[in-house]
Amino acid sequence: MALKSLSPGRGVNSHGLNGREVKSRGGNGRDRAERRVAFRMTAPSLVLMALVAAVPIGYALWLSLNQYSVRTAGLSRFVGLENYITALSGPHWWAAFGQTFLFAGLSVSLELVLGTAMALLLNLAFKGRALLRTVVLLPYAVVTVVSAITWETMFAPNLGLVTNVLSTLGLPGGDVVWLGEHGYAMAVIVLADVWKTTPFAALIILAGLQVISAETYEAAELDGASKWQAFVNITLPLLRPAIVLAAIFRTMDALRVFDLPFVLTRGANGTESMSMLAYTQLRENRLVGEGSALSILTFLTVMAVSVVYIRFAGGNIREVAKEEQ
């Protein structure tokens, strides 16, 4: 009986391994070999990318630990963490920190909602869909500075398109200097960012929509599910990885915002971001050590948020990928 149970006919080899285990071990060996080959092929590029990223960050870190004088050549001294303590104990960093996260929260939330709606529309089958997709993506191709100047012109007092339309219709905001008042200035920056980058979120979410099988919706329809039920129970759960991916990219970009507040308000009226505060200290105030410390703090903030995203939201993407495999 023991020999019979170990016979080739039972799918077991002479070492007591069945065919599935042999295949699994062989597959694991091939996977390891492929990973080694992939690592060897990409290693030079990875090293180069690491150097390109590490050298500026390392130099900025060194600058942040020193105090420099731009008036007297060679006059500098090592101050350790003094620049960081000064930044974290003052009100300017925390004000910029809060304003940046407010901007990121508002803009990314609106972009995900509008991007999902745009993706659902662009996923429908209708005549002229290809042309509409091209037109919808045009704002993302516009240079951010050009977009900012356009929005500044639209909200200019007495001359801007938006202010004139609001005044003509008798709506609130027609007589407001939008870029000169707290709250209104942030609203313009958020609107400018949403207009430009919503197509990017829509493109990622549209890619997620197109991998959802049509048979899934057909089965739900046969079960008597309404369009709304299919959207809530099928579309949204299956779109979650794409939405999370769009949220990661857009949040990282929004936390580093510089060009929009720089062009529209120069950081006035509660719109100064972390990146802009670092620029102001480094370039305009000529405080090299303090500005470098603020740059490092901005970098650490963005990195911390990205780690949180990957830790808590990225797992969903990995689980879906494993299920598909």
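Residues numbered from 1 in each chain as written. Predicted model: local features only at pLDDT ≥ 70, side-chain atom pairs only at ≥ 80, totals over all residues. Heavy atoms only, no water.

Q: How should I be thinking about unusual backbone geometry in this particular structure?
A: When glycine is set aside, most residues are seen to have a negative phi, and most peptide bonds are trans. In the Ramachandran plot, R266 falls in the positive-phi region, its phi being about 60 degrees despite a non-glycine side chain. Topologically, R266 is positioned in the loop between helix 11 (259–264) and helix 12 (274–284). The phi angle at R286 is positive, at roughly 60 degrees, despite the residue not being glycine. Note on placement: R286 falls in the loop between helix 12 and helix 13 (288–324). According to the relative accessible area criterion, R286 is partly exposed, its value standing at 45%. (Helix = DSSP H or I, 4+ residues; strand = E, 2+ residues; numbered from the N terminus. Buried < 20%, exposed > 50% of the residue type's maximum accessible area, 1.4 Å probe, protein only.)

Q: Explain the packing of aromatic side chains to me, please; I cannot follow it from the model alone.
A: The geometry of two aromatic rings is summed up by the distance between their centres and the angle between their planes. Counted under the stated rule, the structure contains 14 aromatic pairs. Summarising the aromatic geometry, the rings of W93 and F97 are spaced 6.1 Å apart at their centres and angled 45 degrees between planes, so their arrangement reads as tilted. Residue W93 and its partner F97 are located together in helix 4 (residues 91–122), separated by four residues, close to a single helical turn. Plain terms: the ring middles of F200 and F249 are 6.2 Å apart, the flat faces sit at 80 degrees to each other, and that makes the pair edge-to-face. Of this pair, F200 sits in helix 8 (residues 184–209) while F249 sits in helix 10 (residues 227–255), placing them 49 residues apart in sequence. Among the aromatic side chains, those forming a connected cluster through ring pairs are W151, F155, W178, Y184 and W195. Over the aromatic face of Y140 sits the side chain of K196, whose NZ or CZ is 5.3 Å from the ring centroid. (Phe/Tyr/Trp six-rings, centres within 6.5 Å; stacked < 30°, edge-to-face > 60°. Lys NZ or Arg CZ within 6 Å of the ring centre and 35° of its normal.)

Q: How do you make sense of the layout of surface pockets when you look at a structure like this?
A: Using a probe with the size of a water molecule, rolled over the atoms, empty space left in the structure can be pinpointed. Each pocket or cavity is described by its volume, and for the largest pocket that value is around 530 Å³. Lining the largest pocket are 18 residues, with L124, Y217, K227, A230 and T235 sitting closest to its centre. Mapped by element, the contributors of at least two residues to the lining of the largest pocket are helix 9 (214–222) and helix 10. Its residues assigned to classes, the lining of the largest pocket shows 10 nonpolar, five polar and three charged. (1 Å grid on protein atoms, 1.4 Å probe; cavity = no way out; pocket = protein on both sides within 12 Å on 5 of 7 lines; lining within 4 Å. Points joined across faces, edges and corners; volume = space filled by probe spheres on them. Nonpolar A, V, L, I, M, F, W, Y, C, P; charged D, E, K, R; others polar.)

Q: I tried to follow empty space enclosed by the protein on my own but got confused; where do I start?
A: Scanning the model with the defined rule gives one cavity of 30 Å³ or more in all. Looking at the largest cavity, the residues that line it are Q99, T100, F103, M186, I189, V257, P261, T271, E272 and S273. Elements supplying a minimum of two residues to the lining of the largest cavity: helix 4 and helix 8. For the lining of the largest cavity, the element with the highest residue contribution is helix 4, accounting for three residues. Its residues placed into classes, the lining of the largest cavity shows five nonpolar, four polar and one charged.

Q: Explain the pattern of salt bridges to me, please; I cannot follow it from the model alone.
A: For side chains bearing opposite charge, pairing can occur when the charged atoms are close. Here the structure, examined in full by the defined rule, presents five salt bridges. Between R250 and E111 there is a salt bridge; the shortest N-O distance is 2.6 Å. Of this pair, R250 sits in helix 10 while E111 sits in helix 4, placing them 139 residues apart in sequence. The same class applies to R250 as to E111, namely buried. Linking R266 and E284 is a salt bridge whose minimum nitrogen-to-oxygen distance equals 2.9 Å. Of this pair, R266 sits in the loop between helix 11 and helix 12 while E284 sits in helix 12; the two residues are 18 residues apart in sequence, bridging distant segments of the chain. A relative accessible area of 47% places R266 in the partly exposed class. Put simply, E111, D193, R250, D253 and R256 are held in one network by salt bridges that share partners. (Salt bridge = Lys/Arg side-chain N within 4 Å of Asp/Glu carboxyl O.)

Q: Could you clarify how one ought to interpret helix 8 in this entry?
A: Along an α-helix, residues three or four positions apart point the same way, because every turn accommodates 3.6 residues. Between its first and last C-alpha, helix 8 extends 35 Å over 26 residues, near the 38 Å set by a 1.5 Å rise per residue. Where helix 8 bends most, at T197, the angle is about 40 degrees, and the proline P199 comes one to four residues later. Counted residue by residue, helix 8 has 19 buried out of 26 residues, so it is predominantly covered. (Expected span 1.5 Å × (residues − 1). Bend = angle between axes of the 7 residues up to and from the residue.)

Q: Hey, could you run me through the confidence of the model for the chain in this one?
A: Should the pLDDT be low somewhere, the predicted coordinates at that spot are not to be read in detail. Residues with a pLDDT of 70 or more make up 86% of the chain, whose mean pLDDT is 82. Per-element confidence in the chain ranges from a low mean pLDDT of 42 for helix 1 (residues 2–5) to a high of 93 for helix 4. Long-range and interchain partners of residues 1–17, a stretch whose pLDDT sits below 50, account for 14 contacts in this model, where long-range means more than four residues apart. (pLDDT = per-residue confidence, 0-100. Contact = heavy atoms within 4.5 Å.)

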